[in-house]
Amino acid sequence: MADRQRQSGMMERVMERVKLKPFDAAAYLDTPEDAQAFLEDAFEHGSVAEIVHAMMIVGRSSLVAGHTPAAGPGGDRSREAGAAGPLSFADALEILKAAGLRLAVVRPGPTLTS
């Protein structure tokens, strides 16, 4: 019991000194290839909500900020998407275009079956 309390106290002291910054993936999307890989992963492995969230992250990236006509003041419509309502299909297409990407429909390749 005493060891657990001592460890808890040590952890509290460490956490008081550690300064963490919020992580935002948008800060790391510097090229159209970065945005493409990020969105491909979301489309392949994510739910609809995760895909929308990924699109909004791309919308906050330096690739897109200030370039979309749907952008509000400051040019960043995606930052206010929670308050402004869900991301529309038109907004998604604008984000892709501003990021140097386009939406394409492709047939899936053959799948491996057991």
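Look a little higher up for the structure.
Residues numbered from 1 in each chain as written. Predicted model: local features only at pLDDT ≥ 70, side-chain atom pairs only at ≥ 80, totals over all residues. Heavy atoms only, no water.

## As for the overall build of the protein
Counting secondary structure elements, the protein contains 5 helices and 0 strands. Its helices and strands taken in sequence order, the protein reads α-α-α-α-α from the N to the C terminus. Looking at the protein as a whole, 27% of its 114 residues are labelled buried. Of all intrachain contacts in the protein linking residues separated by at least 6 positions in sequence, the fraction that spans at least 24 positions is 53%. Working note: accessible area of the protein is about 8800 Å², and carbon and sulfur atoms make up 58% of it. (Helix = DSSP H or I, 4+ residues; strand = E, 2+ residues; numbered from the N terminus. Buried < 20%, exposed > 50% of the residue type's maximum accessible area, 1.4 Å probe, protein only. Contact = heavy atoms within 4.5 Å. Areas by Shrake-Rupley, 256 points an atom, 1.4 Å probe, with all protein chains shown as cover.)

## Brief notes about the nonpolar core
Counting 20 residues, the largest nonpolar core has Leu39, Met55, Val58, Val64, Leu87, Ala99 and Leu101 as its most contacted members. Every element with two or more residues in this core is listed here: helix 2 (32–45), helix 3 (48–60) and helix 5 (89–98). Among the elements that make up this core, the one with the highest residue count is helix 3 (6 residues). Non-local contacts of Val64, meaning those with residues more than four positions away in its chain, are made with Val58, Gly59, Ile95, Ala98 and Ala99. (Core = buried A, V, L, I, M, F, W, Y, C linked by side-chain atoms within 4.5 Å.)

## Some remarks on the environment of Arg102
With respect to the helices and strands, Arg102 occurs in the segment after helix 5. Look at Arg102 and you get exposed, because its relative accessible area is 70%. Along the sequence, Arg102 and Ala92 sit 10 residues apart, while their C-alpha atoms lie 10.0 Å from each other.

## Thoughts on the packing of helix 3 against helix 5
Across the interface, helix 3 lies against helix 5 with an axial gap of 9 Å and an inter-helix angle of 45°. By the angle class used here, helix 3 and helix 5 are oblique. As for the relative orientation of helix 3 and helix 5, their crossing is left-handed in sense. Note on element contacts: helix 5 touches helix 3 through Ala92, Ile95 and Leu96, opposite Met55, Val58 and Gly59. Looking at the contact of helix 3 with helix 5, its residues break down into 5 nonpolar, 1 polar and no charged. (Axes fitted to C-alpha atoms, helices over the stretch in contact; angles between N-to-C directions. Parallel < 35°, antiparallel > 145°, perpendicular 65-115°, else oblique. Left-handed = near helix turned anticlockwise from the far one by under 90°. Nonpolar A, V, L, I, M, F, W, Y, C, P; charged D, E, K, R; others polar.)

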